[in-house]
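For reference, the chains in residue letters:
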Amino acid sequence: MNHLIAVPLLLPPLVGAIMITSMRHHPGMARIFSVAGVSLLLLINIWLLAQSGSGAIQTYELGAWPAPFGIVLVLDRLAAIMLVLTAVIALAVVLYAIGSGWDHRGRHFHALLQFQVLGLSGAFLTGDLFNLFVFFEVLLIASYGLMIHGGGQKRLQAGVQYVVYNLLGSTLFLFALGTIYAVTGTLNMADLAVRVAEIPADNTALVRIAAVLLLLVFAVKAALVPLHFWLPSTYAEAPGPVAALFAIMTKVGVYAILRVFTLIFAPAAATGDLAQSWLPPLAMATLIIGAIGVLGARSLGRLAALATVGSVGTILIALGVFTPRSTAAALYYMIHSTLACALLFLVVDLVRSRRPDHDDRLVPAPAIMQGGLVSSLFLASAVGMAGLPPLSGFIGKLLILSGVRGTEPGWTVWAIILVTSLVLVVGFARAGSILFWQASGETKSESADTSGLRLTFVAAFGLLGSMVALTLLARPVLAFLTDTAAQVYDPAAYISAVLPQLGEIQQ
Amino acid sequence: MEYLVSIAVGVLVAGGTYLVLRLRTFPVILGISLLSYAVNLFLFSSGRLALNLPPIWTGDAAAYTDPLPQALVLTAIVISFGMTAVVVMLALSAYLTARDDRIDTRDDDAGGRDQA
């Protein structure tokens, strides 16, 4: 057994616990520990990604209890990609939070962030549906703390809405799990895939209900229209670096949809038509509403939040087709849009912190400090979100367009993606020209605290650099993602990796 | 007994849903609690309701009751308890800072920071 697989679930809580117990009064030490912990995690996750490249699906049985009785962690290409993405975003967020001083505007920022990373890593690694619920709760409870970090009336009120919405989602998740367990008698994903396939086609009513409930829960997480209402105020009111970290939270929902609806309720099975018939129209509506929201937003934070909604729509359009080719395109666009969303939220915070009197409202204001740097970062993130060349969003959208060609809603998808891209361009151009070009008067030279500013730009340009790398390395990345999609659409390999004894019995 | 449990779950869900749709935080929190009780009962019954049976197969017993849902319920209870504590604290601090316990934020959709 490869013990390295368990490290992403052991390292963050260990670092977090040390920070809470012994660094309450040493904020500097907590910063060092946080950066070191996340960097180490990034290295380990990259190592795991390299290992997963061989194509073998590795499992880790917790407590050496064999599946399906114990909980297993499963490392395949998809999980490894998500782990690396999580660590990259977390590192940028930690650096930005330190540079901008956000981590000292409340308590336990770094510890909460470590627990958030734990929840995310666990959700990507686990091979057990109930364990997925538990890790969802871990990442949510950490995110509740992060979301209201720094306090303030607006933020607390938005936080209450966010928590209530997600508690309802968790309740639905438990109902789905209870139904699934009542029908199949197992919650191990590989075992479920076997059992669900064995259910006769005329007796799938209960398991279909469970599948729809699961789809609803994951749609809440992914902010799919009409279940997206929690997202705009949450992301707009959350502290900038936290909103950037939340860029990966919607992707947890996308990941869960991809995992569950290719493995358990596989397209070939009797229950496979559910996601295929529901996802594409809802995803298109999500993209359209996100684009309209970007056009109509009156503050930069809300604009960024609605652009996130739109990007989830784009990903799920490609995913909803459920072919390996479109899935590879969706994964490429997901990596890109996570980086672009995170960068955009960091830019929002850079703007906010420089306009004390006008916040992030889209109204003309005195020119901001370091306007050139901030506006060029805004331009880069806008180019990324709208999917214009030369950044990776363009390649991603191109791949999605070519991936859905020849499938059922093909031309509608082309029209919607191309038109919404134009709408996004207009929306971002409007926001950028108000913020940066209609700026009047002299730059207020705030010499107050510029010590950490360098670090904030390191974080932002680091994210931009990873987008550039994703563009330049598009060919090898896409080759890897094509292999990933092939692995995702081969449930038999997953099942035999988790349940090796099953193959022996059948032979 | 199946009828009794299913009616109880249904009543709890109905009451919980009604309360969650209220406009103030206190009824909403009560509603979430009711819903979590409902889901705990539901999970408990998902392993089939069996009376006076051991949870572990011993050989001399004729049948056994499924212990897994009980473990699931225990986990769910712990999590929902913690979550309720979080949401109570959050709602209290929102109420104390805003002097208002409405669950919806006003002038929110129109870029709420305008009148902030």
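Small disclaimer: the values here were computed from a predicted structure and weren't measured.

Thresholds, definitions, all that
- Residues numbered from 1 in each chain as written.
- Chains lettered and ligands numbered in written order.
- Predicted model: local features only at pLDDT ≥ 70, side-chain atom pairs only at ≥ 80, totals over all residues.
- Helix = DSSP H or I, 4+ residues; strand = E, 2+ residues; numbered from the N terminus.
- Rg over C-alpha atoms; globule rule 2.2 N^0.38 Å.
- Buried ≥ 20, exposed ≤ 12 C-beta atoms within 10 Å, placed from the backbone.
- Contact = placed C-beta atoms within 7 Å.
- Nonpolar A, V, L, I, M, F, W, Y, C, P; charged D, E, K, R; others polar.
- Pairing = 2+ DSSP bridges.
- pLDDT = per-residue confidence, 0-100.
- Expected span 1.5 Å × (residues − 1).
- Axes fitted to C-alpha atoms, helices over the stretch in contact; angles between N-to-C directions.
- Parallel < 35°, antiparallel > 145°, perpendicular 65-115°, else oblique.

Engineer: Looking at this structure, I do not really get the overall build of chain B. What am I missing?
Structural biologist: Looking only at helices and strands, one finds three helices and zero strands in chain B. The linear arrangement of helices and strands in chain B, starting from the amino end, is α-α-α. Here the C-alpha radius of gyration of chain B, 20 Å, is well above what a compact globule of 116 residues would show, namely 13 Å. Here the C-alpha coordinates of chain B stretch approximately 70 × 25 × 20 Å along the principal axes. Counting every position in chain B, which comprises 116 residues, the buried fraction comes to 31%. Across chain B, contacts joining residues at least 24 apart in sequence account for 52% of those joining residues at least 6 apart.

Engineer: Explain the overall build of chain A here, please?
Structural biologist: Secondary structure assignment for chain A yields 21 helices and two strands. Taking 23 Å as the expected radius of gyration for a compact globule of 507 residues, we find that chain A reaches 22 Å, a close match to that expectation. Principal-axis analysis of the C-alpha atoms places the extent of chain A at approximately 80 × 55 × 40 Å. Taking all contacts inside chain A whose residues are at least 6 apart in sequence as the whole, residues at least 24 apart take part in 79%.

Engineer: Would you take a moment to explain the environment of Val73(B) for this structure?
Structural biologist: All names here are of chain B. Relative to the elements of secondary structure, Val73 occurs in helix α3 (residues 68-98). When the 21 C-beta atoms within 10 Å are taken as the criterion, Val73 is described as buried. The sequence separation of Val73 and Tyr18 amounts to 55 residues, and the corresponding C-alpha distance is 24 Å. Among residues more than four places away in sequence, those in contact with Val73 are Asn40, Leu43 and Phe44.

Engineer: In this structure, what is going on with the interface of chain B and chain A? I would like to understand it.
Structural biologist: Accessible area lost on assembly of the parts is the figure often given for the size of an interface. At the junction of the two partners, chain B supplies 34 residues and chain A supplies 31 residues. Of all the secondary structure elements, the ones that give two or more residues to the side of chain B that touches chain A are α2 (25-45) and α3 of chain B. For the side of chain B that touches chain A, the element with the most residues is α3(B), which contributes 15 residues. Classifying every residue of the side of chain B that touches chain A by side-chain character gives 21 nonpolar, ten polar and three charged.

Engineer: Just checking my understanding: could you explain the pairing of strand β2 (residues 72-75) of chain A for this structure?
Structural biologist: Residues in a regular strand point their side chains to alternate faces of the sheet. All names here are of chain A. By the alternation rule, side chains of β2 split into Val72 and Val74 and Leu73 and Leu75, which are all buried. Note: strand β1 (residues 58-61) against β2, four bridges, orientation antiparallel. Within the sheet, the bridge partner assigned to Glu61 lies in β2 and is Val72.

Engineer: In this structure, what is going on with the confidence of the model for chain B? I would like to understand it.
Structural biologist: Should the pLDDT be low somewhere, the predicted coordinates at that spot are not to be read in detail. Residues and elements named next belong to chain B. Chain-level statistics for chain B give a pLDDT mean of 85 and a share of 91% at 70 or above. By mean pLDDT, α3 is the weakest element of chain B at 91, and helix α1 (residues 2-20) is the strongest at 94. With pLDDT under 50 throughout, residues 108-116 is counted as low confidence; its partners more than four residues away or in other chains account for 18 contacts. Interface confidence for the predicted complex, expressed as ipTM, amounts to 0.89; the pTM equals 0.93.

Engineer: For this particular structure, what's the right way to read helix α14 (residues 324-354) of chain A?
Structural biologist: In an α-helix, one turn spans 3.6 residues; hence positions three or four apart end up facing the same way. Spanning 31 residues, α14(A) covers 45 Å between terminal C-alpha atoms, matching the ideal 45 Å at 1.5 Å per step. With 29 of 31 residues buried, α14(A) is to be regarded as a mostly interior element.

Engineer: How do you make sense of the packing of helix α1 (residues 7-22) of chain A against helix α2 (residues 27-52) of chain A when you look at a structure like this?
Structural biologist: When two helices pack together, their arrangement is given by the angle between the helix axes and by the axis-to-axis distance. Residue and element names in this part refer to chain A. Across the interface, α1 lies against α2 with an axial gap of 10 Å and an inter-helix angle of 175 degrees. Classed by the angle they form, the pair α1 and α2 counts as roughly antiparallel. In this structure, α1 uses Val7, Pro8, Leu11, Pro12, Val15, Ile18 and Met19 to contact α2, whose residues at the interface are Ala30, Phe33, Gly37, Leu40, Leu41, Ile44 and Asn45. Considering only residue class, the contact of α1 with α2 consists of twelve nonpolar, two polar and no charged.

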